[in-house]
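One letter stands for each residue in the lines below.
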Amino acid sequence: MGRHGVERCKRVLVLAVLAALSACVGGGAPATPPRDLRVGIYDNPPKIHLDDAGRPAGLFVEVLDAIAREEGWRLRYVPCEWEACLHQLETGALDLMPDVAWSSRRAVLFDFHSTPVTYSWSQVFRPSGSQLLAMTDLSGRRVALLRASVQAHELEVVLAGLDIPWTPVPTDTYDAAFAAVRDGDADVAIANNYFGRRSARAYGLTETAIVFNPATLYYATPKGRHADVLARIDHWVERWHDDPDSVYFKAMGRALAPMPTTVVPPWLGPALAVAAGLIVLLAAFALALRWRMRAASASAAGAHTRLDQVLEASPVVLALSFEQDGHLVADWVSPNAVRLFGFTPGEMSEPGFWASRVHPDDLERLVPAVQHLRDHESLVREYRLLDAGGATRHVREELRTVPGEGHGPLRVVGTWTDLTEARVHEEELAYMTRHDALTGLANRTRLQAVLGDALERDDGRAVLVVDLDRLRSINDTLGHAVGDQALRAAARRLTRILPESGFIARLGGDEFAVLLPTKAEGADRVVRTFIRDLQAAFSTPLLGSGHPVVLSASVGVARFPRDGSDAATLLKHAELALYEAKRHGPGRHAEFDPALSEGAQWRLSIDSGLRVAMARRQFRLHYQPQVDLRDGRLVGVEALLRWQHPELGLVPPVEFIPIAEENGLIDEIGLWVLMEATRQLRAWDEAGVVVPMISVNCSVRQLDPDRLPSQVAAVLAAAGLAAPRLELEITESMLMRDPARSIQVLHALKAQGVRLAIDDFGTGHSSLAYVRQLPVTRLKIDRSFVGGIGQQANDEQICRTVIALARNLGLETLAEGVEHLHQAEFLQAEGCALAQGYHYAPALTAESFAAWLAGMPRPGFISPMPGSGMADAR
């Protein structure tokens with residue numbers, strides 16, 4: 001019996017014993033009824049669908065059924081169309097919806113678990129015979145896609161960014177989308193890769209290389225409901241994810257497998273019968289052979305007609321030529337030349353025709369064909385040709401000599417193949433590799449090439465890196481579509497103020513680069529003028545009255561040759577100057593200074609390192625005890641984040657948290673801290689290490705009323721912890737950035753039972769009116785005031801005031817950074833209840849903390865750690 005089987009047997013035995021005890025003690029009270037969940041199901045095989053017998057099937061159904069068996073849930077599947085399913089989930093008519101792609105828009109309406117069930121992407125499918133190579137080929141086409149899907153929204157955004165016109169054909173199912181193409185109601189169809197791989201061939205469709213919208217797929221619930229259900233789904237998906245024997249692993253294998261094929265084709269029997277009939281007919285055929293010989297002449301005439309039809313339909317012009325006066329003259333040309341190039345065979349047979357139609361710029365470089373073919377059997381070349389309408393066409397010409405007798409005139413067979421469409425695609429691809437798809441500006445690759453050429457010519461250049469301040473707030477509040485509109489509007493404004501001989505490119509995100517010519521006049525004047533025009537251009541809303549948001553722009557400046565002699569160095573130094581400008585607030589500019597390099601380079605290395613730190617598991621949590629000042633009893637621990645950088649060593653939070661808040665990674669990091677801290681508390685519980693409560697710091701960006709409360713509920717449910725065992729700490733200065741929003745979030749958390757504390761109290765200049773409205777349970781006295789006890793009378797008075805304020809508001813006080821006995825005695829005498837700091841213990845790893853706690857002289861007594869007086873580095 002496997003490990004899971006043993007666990008299941010144990011679970012059954014425990015439940016049986018509990019049931020028997022309940023019957024004895026409680027007189028046979030009824031058991032808790034199983035959890036009922038209404039689950040939406042729509043047609044999207046192989047991930048989710050109803051099979052031929054009308055039963056729910058597919059990857060998501062198999063996994064959910066297995067979880068329901070483990071959890072004792074009772075599932076009721078409700079068939080519905082995709083859009084109707086989402087509407088019912090939003091209104092609460094459904095409790096759970098499988099196979100939902102996460103998006104920021106849906107995250108407002110629904111809750112998702114943390115670990116994706118699987119991943120997919122959207123792909124374009126075409127009918128056989130058509131050609132689609134890139135997004136630009138969708139221009140003017142009718143596109144069948146699933147109504148109200150994420151892929152429909154993403155495709156609209158992508159094509160709008162490329163300024164490509166198209167016509168959507170909304171359908172309720174992927175089957176209907178493929179059928180629309182088959183029936184001629186649409187030109188192409190969009191589906192996810194799971195469905196397309198299985199179903200395209202049945203509809204006569206072929207997959208293309210055009211893919212977009214990579215998506216993570218989850219189960220979703222109505223907003224604010226069933227956080228415990230999502231937590232248990234996370235538990236089982238994570239547990240089964242890498243187990244080859246698990247339900248999840250096997251269901252995924254079936255979903256990814258191709259459609260089964262029948263070993264014996266169903267047409268084999270009828271085919272054998274037909275073959276038998278043909279054997280009989282062979283005898284009759286022999287008798288008819290003589291008659292067929294008589295009909296051969298008539299058949300030859302028909303074959304000639306069919307050959308003409310093939311040549312007419314061919315995409316290649318065929319010609320037979322002979323040598324005349326040192327040139328090739330056509331004596332026969334296939335009739336499709338009229339259709340393909342507009343020339344009649346008679347026109348093409350006239351002497352001098354070829355030289356009169358080749359593009360003048362290409363004629364001089366082409367070696368005369370006769371001269372080449374006298375020494376070689378073949379000639380292949382590409383050049384431009386002016387067709388009958390005067391349009392330029394790219395052609396590939398292939399000439400081959402026809403073997404003849406003696407040394408007579410050359411006979412040549414040749415072909416023309418039209419390469420114009422392929423060249424257009426190549427040019428489009430080349431354009432896309434050098435330009436930004438969203439704004440149409442040059443990209444970083446082209447910028448470096450242009451700057452490198454200018455430096456080789458020794459042209460004076462100033463490099464400016466421009467960053468749009470607060471663009472991320474538009475994406476977060478109004479959506480990425482509005483953010484993209486703002487970027488395009490910003491690009492147009494930057495282009496309008498660009499001086500002659502200037503150059504602009506988009507580096508990515510919200511950053512642009514500008515090259516200014518500075519050789520003709522003073523560099524200072526050119527840079528000052530552009531920055532002045534820039535600030536004026538951004539003084540009005542980018543998107544008009546519809547979205548009256550005014551964005552400022554920060555600028556970093558580097559100059560050639562003072563700040564660098566090559567393109568890469570100048571760009572790097574301009575970005576370092578930009579970091580310095582943003583450090584002083586939005587709308588500023590700064591020139592590169594060598595003194596900036598060390599500090600800014602550090603910030604750059606921190607920024608780039610943070611983007612991979614989570615994936616490479618470089619974050620750690622350390623835990624500092626919190627004790628009761630009266631008896632030394634352990635009341636909890638504070639979880640403190642550390643970053644173990646492979647090159648920089650242990651990086652303290654003060655170095656990287658502000659950068660994580662700037663680049664938007666703090667949300668992901670903050671969620672990880674919550675999950676890891678609660679997981680560790682649960683692990684201590686299971687190991688018998690008694691830790692009453694754990695305290696976790698929150699960033700201001702995490703204070704989102706639509707997200708943080710549901711995240712906390714899901715994390716607690718996943719860890720199986722009661723809400724009062726978690727305390728969230730928010731610094732006073734963060735709360736005061738947006739007091740109304742902070743109060744809303746804190747009340748939602750308080751309603752769940754989570755404990756709340758104001759960290760670093762006394763440093764944020766908060767008003768008493770706001771403090772009285774905050775549903776907190778604890779004030780933490782900042783270490784800067786505790787450190788002055790016994791030395792600074794003002795610091796001692798601040799400590800007394802905070803303790804008195806907390807007492808009047810019915811709150812606890814905890815002093816941070818207690819390093820000496822006289823500090824602890826002062827705080828206890830003034831009525832402070834709790835403390836943490838090096839006087840008791842530094843921040844410890846989970847293993848060191850357990851060992852430290854086990855080594856205490858007796859339960860409930862915490863003795864000071866050796867080496868008191870060390871800085872309480874957090």
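Residues numbered from 1 in each chain as written. Predicted model: local features only at pLDDT ≥ 70, side-chain atom pairs only at ≥ 80, totals over all residues. Heavy atoms only, no water.

An account of the overall build of the protein is needed here, citing residue identities and associated values.
Across its full length, the protein carries 33 helices and 30 strands. Of all 874 residues assigned to the protein, the portion counted as buried reaches 45%. Here the contacts in the protein between residues at least 6 apart in sequence split such that 68% fall between residues at least 24 apart. Counting every atom, the protein has about 43,500 Å² of accessible surface; 56% of that belongs to carbon and sulfur. (Helix = DSSP H or I, 4+ residues; strand = E, 2+ residues; numbered from the N terminus. Buried < 20%, exposed > 50% of the residue type's maximum accessible area, 1.4 Å probe, protein only. Contact = heavy atoms within 4.5 Å. Areas by Shrake-Rupley, 256 points an atom, 1.4 Å probe, with all protein chains shown as cover.)

Can you break down the sheet that holds strand E12 (residues 316-324) residue by residue, with the values?
As summarised here, the arrangement of the five strands in space is E13-E12-E16-E15-E14, forming an open sheet in which the pairing is antiparallel. Edge positions in the open sheet fall to strand E13 (327-333) and strand E14 (378-386), since each of these has one partner strand only. Taken over all neighbouring pairs, the strand axes of this sheet differ in orientation by 35 degrees on average, direction set aside. Here nine bridges tie E14 to strand E15 (residues 392-401), and the two strands are oriented antiparallel to one another. Bridge pairing in E15 places Leu 379 opposite Leu 399. Lying on the sheet, helix H17 (residues 420-434) is in contact with E14, E15 and strand E16 (411-418); it crosses E15 at an angle near 125 degrees. (Pairing = 2+ DSSP bridges. Axes fitted to C-alpha atoms, helices over the stretch in contact; angles between N-to-C directions.)

Residues and numbers for the pattern of salt bridges, please.
Considering all chains together, one arrives at 46 salt bridges under this definition. Measuring nitrogen to oxygen at the nearest pair gives 3.0 Å for the salt bridge that ties Glu 398 to Arg 396. What makes Glu 398 partly exposed here is its relative accessible area of 34%. The partly exposed category is assigned to Arg 396, whose relative accessible area is 29%. Put simply, Asp 607 and Arg 611 hold a salt bridge, and the shortest N to O gap is 3.1 Å. Of this pair, Asp 607 and Arg 611 both sit in helix H23 (residues 596-613), four residues apart, roughly one helical turn. (Salt bridge = Lys/Arg side-chain N within 4 Å of Asp/Glu carboxyl O.)

An account of the sheet that holds strand E21 (residues 589-591) is requested, with residue identities and associated values reported.
Spatial ordering of the open sheet is given by E18-E19-E17-E20-E21, a layout of five strands whose pairing is mixed. Among the strands making up the open sheet, the edge pair consists of strand E18 (503-508) and E21. Taking the axes of each pair of neighbouring strands and ignoring which way they run, one obtains an average angle of 20 degrees across the sheet. Sheet analysis places strand E20 (residues 553-559) next to E21, joined by three bridges and oriented parallel. If you follow Gly 556 over to E21, its bridge partner there is Ala 590. Relative to the sheet, helix H18 (residues 444-456) contacts strand E17 (461-468), E18 and strand E19 (511-517), its axis offset from that of E18 by approximately 140 degrees. Strands E17, E18, E19, E20 and E21 of the sheet are contacted by helix H22 (residues 567-583), whose axis makes an angle of about 140 degrees with E20.

How would you sum up empty space enclosed by the protein? Please name residues and give values.
Here the idea is plain: a probe the size of a water molecule rolls over the atoms and shows the empty space left. By the definition in use, this model includes two cavities of 30 Å³ or more. Approximately 190 Å³ is the volume found for the largest cavity. Lining the largest cavity are 19 residues, with Lys 47, Ala 101, Gln 151, Tyr 174 and Leu 217 sitting closest to its centre. For the lining of the largest cavity, the secondary-structure elements that each account for two or more residues are strand E5 (97-101), strand E7 (118-127), helix H5 (150-161) and strand E11 (205-222). Of the residues assigned to the lining of the largest cavity, the class counts are nine nonpolar, seven polar and three charged. (1 Å grid on protein atoms, 1.4 Å probe; cavity = no way out; pocket = protein on both sides within 12 Å on 5 of 7 lines; lining within 4 Å. Points joined across faces, edges and corners; volume = space filled by probe spheres on them. Nonpolar A, V, L, I, M, F, W, Y, C, P; charged D, E, K, R; others polar.)

Please set out the nonpolar core residue by residue, giving values where relevant.
Ranked by size, the top nonpolar core spans 75 residues in total, and within it Leu 610, Leu 728 and Leu 827 carry the most contacts. Ranked by the residues each element gives to this core, the list is headed by helix H25 (residues 666-687), at seven residues. In contact with Leu 827, not counting residues within four places along its chain, are Leu 629, Val 786, Ile 789, Ile 803, Ala 815, Val 818 and Cys 832. With 62 residues, the next largest nonpolar core counts Leu 37, Phe 110, Trp 240 and Tyr 248 among its residues. (Core = buried A, V, L, I, M, F, W, Y, C linked by side-chain atoms within 4.5 Å.)

Please provide a residue-by-residue account of the layout of surface pockets, values included.
Of the voids in this model, the second largest pocket is the one considered here, and its volume is about 650 Å³. Along the wall of the second largest pocket there are 30 residues; nearest its centre are Leu 328, Val 329, Trp 354, Ala 355 and Glu 397. Elements with a contribution of two residues or more to the lining of the second largest pocket: E12, E13, helix H14 (353-357), helix H16 (369-373), E15 and E16. Element by element, the count of residues in the lining of the second largest pocket is highest for E13, at five residues. Classifying every residue of the lining of the second largest pocket by side-chain character gives 19 nonpolar, seven polar and four charged.

I'd like a description of the state of the cysteines, backed by residues and values.
All told, the structure shown has one disulfide when counted by the stated rule. The partner cysteine of Cys 80 in its disulfide is Cys 85, sulfur to sulfur 1.8 Å. Since a negative S-S torsion denotes a left-handed disulfide, the Cys 80-Cys 85 link at about 95 degrees is right-handed. Exposure class is identical for Cys 80 and Cys 85. Each is buried. Here Cys 799 is not disulfide-linked; the sulfur of Cys 832 is the nearest cysteine sulfur, at 8.3 Å. In this structure Cys 799 comes out as buried when scored by relative accessible area, which is 0%. (Disulfide = S-S within 2.5 Å.)

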